[in-house]
Structures are given as C-alpha cells and as structure tokens.
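Fold and contact review
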Protein chains: 2
Amino acid sequence: MQKFDSSMMDFEERVEIDDFESEVMERIYSKPLLIKRVNTTSQIAIVGANVCPVESLDYEVPENELVNEDWRSRRTVQIFQYILLKWAFALIIGLSTGLVGIFNNIAVENIAGFKLLLTTELMLKKKYYKAFAAYAGCNLGLATSAAALCAFIAPAAAGSGIPEVKAYLNGVDAYSILAPSTLFVKIFGSIFGVAAGFVVGKEGPMVHTGSCIASLIGQGGSRKYHLTWRWLRYFKNDRDRRDLITCGAAAGVAAAFRAPVGGVLFALEEAASWWRSALLWRTFFTTAVVAIVLRGFIQLCSTGTCGLFGQGGLIMYDISAAKVVYSTPDILAVILLGVIGGILGSLYNYLVDKVLRTYSIINERGAAVKILLVIMISLLTSICSYGLPWLATCIPCPTDASTSCPNTDVSGNYKSFQCPPGHYNDLASLFLNTNDDAIRNLLSTNTVKEFHVSSLFIFFVAVYCLGIITYGIAIPSGLFIPVILAGSCYGRLVGRLFEPISKLDVGLFSLLGAASFLGGTMRMTVSLCVILLELTNDLLMLPLVMLVLLISKTMGDMFNKGVYDQIVKLKGLPYMEAHPEPYMKHLIARDVVTGPLITFSGVEKVGNILLALKNTGHNGFPVIDEPPFSDAPELCGLVLRSQLLVLLKGKAFSKDRVLAGNKVLGKISELDFAKAGSGKGLKLEDLDIQEEEWDMYVDLHPIANTSPYTVVETMSLAKAAVLFRELGLRHMCVVPKSQGRPPIVGILTRHDFQPEHILGLYPHVRFQQ
Amino acid sequence: MQKFDSSMMDFEERVEIDDFESEVMERIYSKPLLIKRVNTTSQIAIVGANVCPVESLDYEVPENELVNEDWRSRRTVQIFQYILLKWAFALIIGLSTGLVGIFNNIAVENIAGFKLLLTTELMLKKKYYKAFAAYAGCNLGLATSAAALCAFIAPAAAGSGIPEVKAYLNGVDAYSILAPSTLFVKIFGSIFGVAAGFVVGKEGPMVHTGSCIASLIGQGGSRKYHLTWRWLRYFKNDRDRRDLITCGAAAGVAAAFRAPVGGVLFALEEAASWWRSALLWRTFFTTAVVAIVLRGFIQLCSTGTCGLFGQGGLIMYDISAAKVVYSTPDILAVILLGVIGGILGSLYNYLVDKVLRTYSIINERGAAVKILLVIMISLLTSICSYGLPWLATCIPCPTDASTSCPNTDVSGNYKSFQCPPGHYNDLASLFLNTNDDAIRNLLSTNTVKEFHVSSLFIFFVAVYCLGIITYGIAIPSGLFIPVILAGSCYGRLVGRLFEPISKLDVGLFSLLGAASFLGGTMRMTVSLCVILLELTNDLLMLPLVMLVLLISKTMGDMFNKGVYDQIVKLKGLPYMEAHPEPYMKHLIARDVVTGPLITFSGVEKVGNILLALKNTGHNGFPVIDEPPFSDAPELCGLVLRSQLLVLLKGKAFSKDRVLAGNKVLGKISELDFAKAGSGKGLKLEDLDIQEEEWDMYVDLHPIANTSPYTVVETMSLAKAAVLFRELGLRHMCVVPKSQGRPPIVGILTRHDFQPEHILGLYPHVRFQQ
C-alpha cells in the first residue's frame, strides 16, 4: 500500500499520460494497470456496430453525513412525492413505450403493405422484372435509410440492444447506449429495417427503445437547458435509474408481442441481474399500462383508421381454434422435435457468433463499408424472397368456400404470384409477406396441405441462413422473429413428416417448433412459455410447450451459452456471471488484488487528491483515519471519483488539517452529487483549482461512504464474486484478517472477477476443478 | 467480550437451567438472554393450531478445510451424479405432487358428490328433514374426522400452511412443520375438510403438501432404518433442502389450480425470499411434470373411470366462450369494482386476524376443544347451506333448449331443491354444490339472469362471513377458494347492478370480482394474473384483470399487510422483511449486539466447549486465533453448535494444545456434518465425554467457516438487515472499525433484527422517520 504524494511523481511522468487515453481509461477502469493483462476485447466494448468505452455503475446506497442530513431534511410530503413520482414515471414509460409500439406497427404495416401491394399489382400484370425492380428497390431504399441512420447518427442503435440492456442491468454502462440519438435511430431504423423485408424482428429494438425512454425520463429534464426540478434529484442515481430501465425493458417486450405478463417475466428472467418484489409490482404496472394502450389503439384501428394496420387483434397469432388432441406417438414426435430444435438452435448461436466476429471486423472500416454491407444483404434478401418462389409449383386452391384463394390482400395466406387463376404459390405466401404474416401463415391451423413439404424445406433453409447473416449488420435487428420464423417453419415441416402417425394439427407442431428454436437459442423458460401463450392464446398446449422448452434448452446448454450471453461476451462487456467459474474456488480475494492501492487521509491535501485523480483511473479511494483523528488507523470509508470532483468544485477547503464537516455541509448538498446522464458528469478539466489551493486541506468525512461492503482477505474468490453480484457492487473493500496491519488490503472491482484478469495472473488454475 | 472458562460457573448454576427449557432455547435462539426483552409472541411460534419451538436455518455455504477436502475428493462422476440427482428429485416431487393433486380431486369429488346426490334424492322425495339430517350428518362426520386427524396426529397440519412454508424459505424452521405425519394429515384432512362443505380451499394445503414431499425427499432415506445412501449427503444441508421445498411449493399450486406457470410465479413472488435463475428453471421443470401428470389423468378420467370426477378439463373455470367487449363506462365500473374489492379484501384480512387471535386462545385448551370448535362451525355451515336456499323464490327454467333444467347432476347449474318441476332454486345452485362448482356457476357466461340479485347478495354475505370464521379451526384450510368464491359472487353482483350501462358479460365481471378480492387479500400481482389466466383461459381479459389487481392491491396496502404476512406475524415467526423499518436507519449494527460474546480459541479445551454448549443457547461461536498460532489475535472463523457436537462425538482430542488438522480430518468427514431431519440432530445428551477428556484439547480449525460474512460495526442497521436477508444468513459477524481491538465485536442473528428486540432496547426510535 502506498500513500499518494505530489513529490512521488515528477512532471514528465504526469503529462506522459495522454489526455484522451486517460479520460477513456477513467471511464473504463478502476485499475488502468490491468489494461495490459486483460484480453483486448474487454478493454473497450463493441456497442452496436461501434467501439465504445464502458463504465461501471454504482448501485450501492452510500451512507454518509450528507445523505443522513438529506434524509433528515426530507419531510413526509417529499417522501410521498418521491413514491408518487416513481409510479408516475412507470406510467409515463408504459404510455410512451405503448405508443411507440403502436406507431412502429402502423408504420411497418403501411410501408411494407404498400410495397407488397405494388409488387402484387405488377405481378398480376405479368410485369415480372418491373415487379422485382419495384420490390428490390423499395427494400434497398428502406435498408439504406436504416443503415445511414445507424452509421451516421447512432452506431449504438445497431443490433438487438438486449445484450447491452442486460449488461446495463448487470452494472456496466456502455457509452451512449441509452442516449436520445440512439432512441431516435432505434425507432426509425427498426421501422425501416423491418419494412425492408429483412429477416429481423422488432422485439429487441423495442426492448432497447423502452430502456432508452426509461433512461431519459430517469435523467429528468436537462441541466443544459436549465430544466431541472429539485425533486427529480432523487432519481439521479444508478439505483433508481436501473429500476426504471428494468420497467422500460419489460414494457418493450409487452409492446412488441402484446404480451404484458411475458414482458415482466422477460425482464425478470433474462434482462435483470438483480430483482426485488417491489420492482416486480412496478414492472407489472408498467406493462399493464402498455396493454391498456395497445388494447385501446387496436380497437380504434379495427375501424380502418390506421391504414393497412388493424386486422390482428390483441393476440398476434391466434391458434386457439385448433383442437388440442395428442397421445403417446405425438409426445414421442414432440420430444424428437425438441431434441433436433435444441441442436439447431445452438448451431444458430454458434453461427451468429462467427458471423458477428467477421462483421465486427468489416464494420470497423467506417460508415460507408457498413452501409455497403447492408446493401449487399438487402439485395440478397430481395433475390431470395422474389427468386425462390419461382421454384414452387402452383397448387390448386382448396375447394373450401370460406377461404379466399388466390388472395390479393397484403397479408394473404394464398398468394397467386405467377400462378394461373384458381391456383396459388405456397412459397410466395411465405416469402412475399411481412415476417409477422409469414409466421401467422405457418401457425395457421386446419390447413394441413397448404404448404408443400419441399416449399417448407426451402423456406426453412433460406430463413435460417438469412437470419444468421442479417444479425450484426448496421441496422436495429431483433433476434426473436427470425428464430420464431425458422422454428415455426421447422415445426410445420416436422408436423408434415409425422402426419401419418400424429393426431396433432400441423399448426400446433409449428408452434412447438418455434418453442424448440427459442429454447435452443435464448435459453429462457418461464418467460418464453408465457410469451408464446400470450402470442397464440392456446392454454391447452401449455404442457407440450413446457416439455419442448425443457428439452431444447437442455440440448442447447450442452453445446454453448444463450445467444444474448454470447453477444455480451463477444462485445467485451465485463458482465458478472451468476455462477463463478469453478477455478475461483481455489483462489482467495487477496490473490487477485493487484496494483498499488491509493488511499486518502480523512482530511487530505487538495494537491494529493488532484494528482491521484489525474494519474490514475481509479474510481474509488479508501479513506483512512489516522491520529490525531482516531486512536489507531481505521477505515473511515470509501469516496468515489465523482464525489471528489464535486467536492473539489465546491472548494470547501481549509488552511489547516482540521475537521470541517459543517462547513462542507453548508457549501454542498446531496443534490450536487446527483448523477448526470451518461458521459455528462463533471470532469477533471472542469475544475479550476488555483496554485495556492493545492496545499490546502479538504475534509473527506462528510462524503465518504462510511459503511462500504467488506470481505476478509481469505474469503474464496468464488464466494466474493457471488456477493459482489448479488449486492450489485462497484467496489468491494478487502480487509485484513489479523490485527496490527493497515486497515485495508485492497479493492475488488468488476474487472478483478473477469476470467481474463484472473487467468492472466494464474494461468494454471484454469484446469483445476 | 468474555472467554468461557469452566471455573466461571459453579455446579448449581449449571444444573439450574432446566433440561427441557434449555433444549427449547437452543432450538429457538442464538441469544437466550434476549428472551426477557422480546415480545412473548416471537419466542415460540404458533404452528398450525399448536405452539412449537422454531429454529433458524443456515443457508450459508461454509468454507473450511473439511469442505475443501471433500470438494477435492469429488470426482467428475460424483458431480454429475449430484446434478442428475437434483433433477431426479425435481421429477419425483413433480410426479408425487401431481398424483396427490389428482387423488385429492378424485376423492373430494366422489365423497362430496355422493353426499350431494343423497341429499338431492331425498329432496326430490320431499323428505326435507331427512335430507338435512343426511347432509349435515355427512358434513359433521367428515369434519370431525379431519379435526381428529389434526388434533391428535399433527396439529401443525391445520390452516393453510403457506405462511409456514413462506417462513421456512425465509430461514425459519418451525418444529414438525414438514414432518411425515404433517404430510399425511394434510392430504387426508384436506380431503375431508373440503368434502365436508366448509368454505375452505385445497390450494394452501397442496402447497404445504408439495413442500412436505420435497422435504422428505431432500432428507433422502432414514438413518433410523439404516437406509442412507452416501451420495444423498450432498442434499443434507439447509440450502439444497430450501431449493427442493421451493420446487415443492410451486408444484403444489400447479397441482391445485392446474396452473403450472402460475405455480412457478407463486413460488417466486409469494413463497420464496431468495431466488436465482437456476432455481427458476428447476421449478419450471417440476411444474411441467405436474402439468403432464394432470393432463394424463384428466384424459384417463374423462372416460368415466374415476367415478364422479372427470368432467372439468385442464382448465378449471373456462370462460373463453364469452365475447370480450368493453368501452369507457365498463372501465369505470371495473375501477369502482377494484376499489371496493380492495377495501373488502383488506377488511377480510383484518377480520381473519381478529378471528385467528380468538381461535388460538380457544385451541390452546386441548384437542377436545379444538374438535368441538370444528363441529360448531360445521353445523353452522350446514345450516347456512341448507337453510338459506329456502329464502330464494323459485325461478322458471330458461327456455333455451341446450340447458338441462332443473338439473339433478352433482355439479348442476340449475338445482331444483324445493321447487316445482320446470323451476329452479338459484341459491341452492350455489350453496348445495362443491366450492369449485359454485365458482364455476358464478363465472358462467351468457347466463345473465340465472341468479337473482338478492340471491347473490345473500350468498356473498354468507360466504364472506363463513370464510372468515372457518380459517383457523383445526383442519387444513386454504384461503384462495374462499376468497375467489366471495370475490366472484361480489363481481357478479356488481355486474348485475351495472347491467343497464355495461356491455361486459356478468361472468366476466365475476372474474374481475375474484381478481379484486385476491388482490385485496393476497397482494400478489403477476402470479395471481397468471393463475387467473390459467384458471379461466381468457387472454383477452388480461388488461382488465391487470387493472383490477393493481387497483385492489393499492387499496389494500393502504390499510394492512397481505394475509400471509399477517399470519406469519401473528404466529410469532421471526420473519425477515424485505424492507427494513424506517427507524433502523438511525441505528448502527453495534447498537443491537447485546449479551456477553462467547468465543473459542483455535485450539480449545473440551471442557470449555461443553460448558458453553450447555449453558448458552448460542448456535454460532467465533473462533479467535491467538499467539502462538498467529502473530496477533485474528478472527479464524465461525463454528456452529451442530458442528461442535459432531466434532466432540468424533473425539479427535489431543493432550496438548497443538494443531491437529490431519488427525481430525482422518476421524471425521464432511458426511458426518450432514444435517438430519428437523429435530433429529445430535444433542448434547448424546455425547459421552469422560471426566479425563474435559481437560484435553480439540482443534477447531478444520471445521470453522473461515470466511463468515462480516460487517463493520458502524454500518447502519437497515443496510445490515438488507444484507442479512439477501444472503440468507443465520449469523453475521460484526467487526471493529479500528485496529488494536479484539477482532470481533459481536454476532447478529435474525432475532437482533426483529422489531420487538430493537424497540425493547431503544423504545424512542419508533417515532423517528
């Protein structure tokens, strides 16, 4: 351990550290010394299609004089305001996400509908080349717009967004991931991308959109425009913002799938790392608001006021008309379906990972290359969608009078394409439709013979491959819909193959196929089950869906991790896993604490603090009280970099080394420590400390968190890791086991628990059980 | 702090402590000294209808040489076995709970059906007095059997069981609550109780049943009959047992309501205090097994092989036939319904609390009094059920040909009772039915005029009051069904009143009424929502159900706590709340640490340990290393009473004060520390220590948990309480802030966080914000 002293480092050494680098380092690390040791991917994360610095979040509620003072000064009215505001925010998040969801739906259905109607019209006039030109041209235009938005305005908006939200809720904030520009691009980029006929979904982007909305609301007004309210300060901390973002993520799923309960469970099972019952209730409220908004608009739109949108009800793919009958052979078929689905799902993860690695290299070359990649994928998608239906033979329409065939509607089940009257092209019914309608057609029940086995096979292969190569290009792209699309096609295919021995409708097989793919890629259980239930409204399928999910998840887990976990890792976000690695059992906390520990005295020289802030990237500094302020050296608390900056800005300095608690409290209030939006906090350069102030003293007692979480140095690293994650910490103090030593051994941060760091220090432990 | 020494206490003082009292104290308290301070209700809990000692559970995974040795010796095969076994146990729990659920259903429907058929037959012959005698007689016989089982075999089986399971999962084991006898009585007592026509449900008892099954499986065989397998030892700890019991609780709800997803969510939201994603998956698997078992048996029974059971499908109260149409006036009506429902629900809680307090005094007087109380309530219920229908006027049957009216079936919708042919008695259709069928009738859609407003009112008042006075008598009695029954009747009543201005079917109003009552009493959100969805299969009602639940829960929370929380408190179980009391912010950890702390040396005299075990009720003792074993006094770890007893039984003593790690490891293995079933552990009296061994030494290092969780003495009590609960601790070490003092200040246990203890020490803090 080493006390920081201005004499320790000469001037050259100090300026050697490049300003930009130090700033990035500050944001990323508590311990810049580790940069050389850790794997390059975890220094700076790939967010969306860009490389960005990341920052740890601090969910701990500090205990210090300032907070206590603030708490004492709060009157009942203010506490009531605070609670009311929490609910008001949840309401606003629900309302806005619901409205965005409806807006997204209306826009996509109208844009894509217009495009499909145009193509169909030209097809009917036998102008096939013109039809292709119109179709591919529309797609290309939309795709380029989406890509341009992403590349130039907000690179962080590319991709699903769920991995980033997941990382945020785990305690890692990637730069600009929840910024207003990201929100804007996410909404419009997603509309353009989905309307452009890509095999992408809108659910991931909706989750990200909901989280962005929540984050913006949580920041409550803008200091820049002098629009801050005093009582909004209570939300200006990582903890309350995390709660709001959890609500936002849930609202996103609720809006995307019209599945309010599924949204809550998704947030609980997949998104959040940390949970409490009060939050469950608030999330539930948010998604209830979303459900009510959706219900209202869908009823409004059913009268035809929203253009081409408004045919589907609150249930997106209703299959409740099918009679659920099954017996032993069906169950065996379903088990087989689950096993193969799980394997195909994990293969999907593997391939997505490979493709993403390739794309991240391509995307690094600049905006133009990004857009070029999008254009190529768009052309490929258009060629597949328009070209492959020509392989299908025309099928005579069913004689059943209730179905209109061939169908010239937007979402038609029986597209005529090039076929003569009275016939339809089954592949066109899948390819030349929006993804939602294609899924609806695949899930349709009591229509066994509608699709040829060969057509289903072609569509399955095409969608499986397109889904894999589309994720990772510079547009907002969800993973749910591609997986459901491929899965339901796979399920229907299996259903057709088992037709001779099975009593289960092929539409229901299709649902089970979708479940198996979702289980194999996403690895969720309860939330997927409820989402599928809310999507299809068939409760009697529940036992089978549960069975398939269990089997496919088990199969998938044998090969690799869930797709979101994989992407989090690929992006280099320092995520804390729920289960520590087995080798962590063999190390103790002291083993991974590295680098010189920099501590401050209870009353410290301003110069020392400035130097420490300038020359290290540490974000937390232990404060040690020594005589005369205490009988023996003792751990007084922990101060954060952000707190020190505010304290120095406040200039509550004194000439002598004395306690100045009241003076500090008079100059600075808890409000000043409110956290600003991402990347907008006070910086070292903003301080204006005069030369003569360098030798003055500042009292750190009022701001130091007097009860940081501590572990004894001999605690196993595995146990410490679990504690660190469960409490959502940023810094954990390691204290000595025996008396007579300095009161703190070191500080553990998120990076000390990363496998790259540990294995860098102890390469041999990897093979220990 | 004070070291224990055999010379400190003379013989008289030692024998003064009554053997029985000390045993009870050992089980209850880590700190018997507090007994005088705390409120009497929290010393010993009321479990079921009896007064029992309670024991804290230890969920912490200890780290010591023994455990490490054991972990190193495990081969991959054993780890695989362990994982496989976890899933096998989940499977067995699912299967058994599913089978018990089906057995319960078949038994209740057949017994109650026989009783109702007999009554109806006598009624048709106009033998009204005989009919009453038969009806009341059957009820009385069944009620007395249930009460006798409860009173004589397992008093812990009375009541719902959910509060006890909730407390167990929070870390408090009430004596015999999960014993085999309790399981037996719970299953049969519940069947008799429900069949006896009481206004009680089977869902609480099913949750308790599931938990009992899980606990028995977790104990894995019996030492008494030499039926233990070596590999079952991995489950012989509180942590794994808790996981199994969580699965069991979920399986119980799944079996009772045929709601597998609802079961998982119930366990998550209401039952468990502690959760992790791996457990979510295992619980999901368990309830999936339950669903598959239920589905299979229901299909089997639909052919008529199960007697009178088998008419209902997998959905208990299917209302999906109703068309869901609503507009603004309906929503206003629904909001009003939610508000009043919430108030009535919280009133229900208040009255249940009052009645329970009265009954617990009555029940203390012995088994005979308990049975007498049951007989009285049974007679009252019979008189209401048979007498009140006479108040209703006969209604002409509807002209609709599809309904059979009057109906002589068991679960008939249109009971003829005393009415002339072509007429029916609407009150009899509600009263002279099983509770399930009454709910089904109340929820029936497209039957607006079936029940008179006056009949609904009479039934509502009767059921509301009977539900309140029935809970707490000595039979297994669930709270869900009474609440749903009263709520759906209330909803239908409101629906009838709003009929002129509302488009919503009265059956749907009935569902919303049930939701409002459940929200007002239970205060759950997501789980109730999913359970109601799985009960009624109407997804389109979801937005309204969510709205009602939110309103009624909010209303209820204004007045009192949820019914289960209230009962936990009433029973005196030392439950750790998720939110600490506001005044805890003003105290620090050191403030509540009381009594002399008893510590051991790393190598301690056998006599000292024996005396400490005999004379105190402490369950955890810090171990302090001193020179020559360390340079300065240091906290070596924490030993538990149960570990010390095993160590002393192993007799790894040495003549001199030396480290004897290997010798101890040779004599004792981790297996010896496996926890036995509740109340069956090693006792002090089982030890056979010779006089000459009192002066020998024993090395505590191999068994001491070397990394106990510690907090600094200045941490606020509120923060410490949250930490204590989140980590599921039994002991938390308080360490000094400064150097140069003994390495431990005290130990915090569950009881130190109880309001009674804190307010006993600091009465004035109650009024601080």
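What counts, and at which threshold
- Residues numbered from 1 in each chain as written.
- Chains lettered and ligands numbered in written order.
- Predicted model: local features only at pLDDT ≥ 70, side-chain atom pairs only at ≥ 80, totals over all residues.
- Heavy atoms only, no water.
- Least-squares fit on C-alpha atoms with pLDDT ≥ 70 in both.
- Contact = heavy atoms within 4.5 Å.
- Salt bridge = Lys/Arg side-chain N within 4 Å of Asp/Glu carboxyl O.
- Helix = DSSP H or I, 4+ residues; strand = E, 2+ residues; numbered from the N terminus.
- Buried < 20%, exposed > 50% of the residue type's maximum accessible area, 1.4 Å probe, protein only.
- Pairing = 2+ DSSP bridges.
- Buried area = accessible area lost by both parts, 1.4 Å probe.
- Polar contact = N/O pair within 3.5 Å; in protein donor to acceptor, adjacent residues only side chain to side chain.
- Nonpolar A, V, L, I, M, F, W, Y, C, P; charged D, E, K, R; others polar.
- Core = buried A, V, L, I, M, F, W, Y, C linked by side-chain atoms within 4.5 Å.
- Expected span 1.5 Å × (residues − 1).
- Phe/Tyr/Trp six-rings, centres within 6.5 Å; stacked < 30°, edge-to-face > 60°.
- Lys NZ or Arg CZ within 6 Å of the ring centre and 35° of its normal.
- pLDDT = per-residue confidence, 0-100.
- Axes fitted to C-alpha atoms, helices over the stretch in contact; angles between N-to-C directions.

Let us now look at the relation of the copies chain A and chain B. Of the two same-sequence chains, chain A is brought onto chain B (RMSD 0.1 Å, axial shift 0.0 Å) by a rotation of 180 degrees. The two molecules are tied by a two-fold rotation axis, judged by turn and shift. When the interface residues of chain A are mapped onto chain B, 100% of them again fall at the interface, so both copies present the same face.

Counted under the stated rule, the structure contains 32 salt bridges over all chains. Across the pair Glu-693 of chain A and Lys-651 of chain A runs a salt bridge, and its minimum N-O distance is 3.2 Å. Placement of the pair is Glu-693 of chain A in the loop between helix 25 (661–667) and strand 13 (697–699) and Lys-651 of chain A in the loop between helix 24 (641–650) and strand 12 (653–654), with a sequence separation of 42 residues. Judged by relative accessible area, Glu-693 of chain A falls into the buried class, the value being 13%. By relative accessible area, which is 26% here, Lys-651 of chain A ends up partly exposed. In this structure, the salt-bridge partner of Glu-499 of chain B is Lys-449 of chain B, at a minimum N-O distance of 3.2 Å.

This part takes up the pairing of strand 16 (residues 746–749) of chain A. Note on strand geometry: in a regular strand, side chains alternate between the two faces of the sheet. Residue and element names in this part refer to chain A. On strand 16, burial covers both faces: Gly-746 and Leu-748 on one face and Ile-747 and Thr-749 on the other are all buried. Sheet topology places strand 15 (residues 731–735) next to strand 16; 4 bridges connect them, and they run antiparallel. Bridge pairing in strand 16 places Met-732 opposite Leu-748.

This part covers the interface of chain A and chain B. With 75 residues of chain A at the contact, the number on the chain B side is 75 residues. Summed over both partners, the interface of chain A with chain B comes to about 6,700 Å²; 68% of that surface belongs to carbon and sulfur atoms. Inspection of the region where chain A meets chain B yields 4 salt bridges. The salt bridge partner of Lys-737 of chain B is Glu-634 of chain A, with a shortest N-O separation of 3.9 Å. Taken together, the connections running from chain A to chain B amount to 8 residue pairs in polar contact (both at pLDDT 80 or more). If one sorts the elements of the side of chain A that touches chain B by residue count, helix 11 (residues 277–305) of chain A sits on top with 11 residues. Looking at side-chain class alone, the side of chain A that touches chain B contains 44 nonpolar, 17 polar and 14 charged residues.

Grouped together as the largest cluster of nonpolar side chains are 342 residues, with contacts concentrated most on Met-522 of chain A together with Met-522 of chain B. Beyond its immediate stretch of four places on either side in the chain, Met-522 of chain A contacts Glu-270, Leu-479, Phe-480, Val-483, Leu-528, Gly-562, Val-563 and Tyr-564 of chain A. Counting residues in hydrophobic clusters, the runner-up holds 50 residues, among them Ile-758 of chain A together with Leu-717, Met-732 and Phe-753 of chain B.

All right, on to the environment of Gly-101 of chain B then. Residues and elements named next belong to chain B. With respect to the element layout, Gly-101 can be found in helix 4 (residues 76–124). The class for Gly-101 is buried, based on a relative accessible area of 2%. Residues Gly-101 and Cys-301 lie 200 residues apart in sequence; the distance between their C-alpha atoms is 14 Å. Excluding residues within four positions of it along the chain, Gly-101 makes contact with Met-206 and Ala-255.

Moving on, we get to unusual backbone geometry. Phi at Arg-258 of chain A is positive, roughly 50 degrees, even though this residue is not glycine. If you trace the backbone, Arg-258 of chain A turns up in the loop between helix 9 (238–257) and helix 10 (260–271). Residue Arg-258 of chain A is classed as buried on the basis of its relative accessible area of 9%. The backbone phi angle of Arg-523 of chain B is positive, close to 65 degrees, even though this residue is not glycine. Its location among the elements puts Arg-523 of chain B in the loop between helix 18 (506–522) and helix 19 (526–536). Note on Arg-523 of chain B: relative accessible area 7%, which makes it buried.

What follows covers helix 7 (residues 180–195) of chain B. Residues and elements named next belong to chain B. The end-to-end C-alpha distance of helix 7, which contains 16 residues, comes to 23 Å, matching closely the 22 Å that a straight helix rising 1.5 Å per residue would cover. Listing the buried residues of helix 7 in full gives Thr-182, Leu-183, Val-185, Lys-186, Ile-187, Gly-189, Ser-190, Ile-191, Gly-193, Val-194 and Ala-195. The inward-facing, buried residues of helix 7 contact helix 4, helix 5 (128–153) and helix 8 (203–219). Directly beyond the C-terminal end of helix 7, a positive phi value near 80 degrees is found at Gly-197.

On to the packing of aromatic side chains. Applying the stated rule across the entire model yields 44 aromatic pairs over all chains. Where Tyr-464 of chain B meets Phe-517 of chain B, the ring centres are 6.0 Å apart and the plane angle is 75 degrees; that geometry is what we call edge-to-face. Residue Tyr-464 of chain B is located in helix 16 (residues 453–470), and its partner Phe-517 of chain B is located in helix 18; the two are separated by 53 residues in the primary sequence. Considered together, Tyr-464 of chain B and Phe-517 of chain B belong to a single accessibility category, that of buried residues. Members of the aromatic cluster, joined through ring pairs, are Tyr-128, Phe-132, Tyr-135, Tyr-386, Trp-390 and Phe-417 of chain A. Geometry around Tyr-326 of chain A places Arg-295 of chain B over its ring, the cationic atom sitting 3.8 Å from the centre.

As a further point, take the confidence of the model for chain A. Looking at chain A, pLDDT values average 84 and 89% of them are 70 or higher. Note on the complex model: pTM 0.89, ipTM 0.86.

Turning to the sheet that holds strand 16 of chain A, a few remarks are in order. Across a sheet, strands are paired by hydrogen bonds formed along the backbone, either parallel or antiparallel in direction. Residues and elements named next belong to chain A. Strand order in the open sheet formed by 3 strands is 14-15-16, and the pairing between neighbours is mixed. In this open sheet, the two edge strands, each paired with only one partner strand, are strand 14 (710–712) and strand 16. In this sheet, adjacent strand axes meet at a mean angle of 35 degrees when their direction is disregarded. When strand 14 meets strand 15, the two strands line up parallel, connected through 3 bridges. Of the residues in strand 15, the one forming a bridge with Val-712 is Val-735. Helix 26 (residues 717–727) rests against strand 14, strand 15 and strand 16 of the sheet, and its axis sits at about 145 degrees to strand 15.

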